[in-house]
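Below, each chain spelled out in residue letters.
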Amino acid sequence: MFIFWLQVGLAITIFLLSTLAALYEGSGIFYHIFEWEYSTPFSKLINGEVTNAGDIVVLDHFVFAAKYSPTFPIIMTLCGIYLLVLIGYFIFRKSRRFIRYTFILGILLFLLSSSLINAHTIGGKSFFFTFLVSGSMCLIIPLIIYIVLLFKNKTHKGLS
């Protein structure tokens, strides 16, 4: 149980540090006036048209960082996915529902990946591959677990 909480603590710490770094990198949106039209969806939703830097909402820093400096937003995403898998394992560790849980998570990540298939920015392409690889891992790992459990059950039945 200690190892589980250690992993959760490390993942949350890395998530928070990468969040701060992404916010810092995303603050560059204040100086790129021509990007306000394309990189401020949350500000447009809340304030309408963005006419000055004061209209920009903090969430748009993440959008700008994800588009043009995707390293820390990707680290945030990977930590979030890892936390989801850890929490799913903690909740479903005594049953086979963990296999279904990670399978559904993998499908959702594939759907996210498919929405970015035609991305034109470096961040969009990076997130496409991040979601694609993460989705693949979330589909492959439960398959391996299922095969191991199947093999384990057949060997135990053969010994009885």
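Everything below is about the structure shown above.
In this text, all values refer to a predicted model and were calculated from it rather than measured experimentally. (Residues numbered from 1 in each chain as written. Predicted model: local features only at pLDDT ≥ 70, side-chain atom pairs only at ≥ 80, totals over all residues. Heavy atoms only, no water.)

## Considering the environment of Thr 102
Here is step 1: Tracing the chain through its elements places Thr 102 in helix 5 (residues 97–115).
Here is step 2: On a C-alpha basis, the gap between Thr 102 and Val 148 in space is 16 Å, while along the polypeptide they are 46 residues apart.
Here is step 3: Not counting residues within four places of it along the chain, the set of residues in contact with Thr 102 comprises Cys 138 and Pro 142. (Helix = DSSP H or I, 4+ residues; strand = E, 2+ residues; numbered from the N terminus. Contact = heavy atoms within 4.5 Å.)

## Re helix 5
Here is step 1: Over its 19 residues, helix 5 runs 27 Å from end to end, which matches the ideal 27 Å to within 8%, given 1.5 Å per residue.
Here is step 2: Buried within helix 5 we find Phe 98, Ile 99, Thr 102, Leu 105, Gly 106, Leu 109 and Ser 113. On an axial view of helix 5, the arc spanned by its buried residues comes to 130°, and they lie on one face. Looking at helix 5, the residues exposed on the side facing more than 90 degrees away from the buried face are Arg 100, Ile 104, Leu 111 and Ser 115. (Expected span 1.5 Å × (residues − 1). Buried < 20%, exposed > 50% of the residue type's maximum accessible area, 1.4 Å probe, protein only. Arc of directions from axis to C-beta.)

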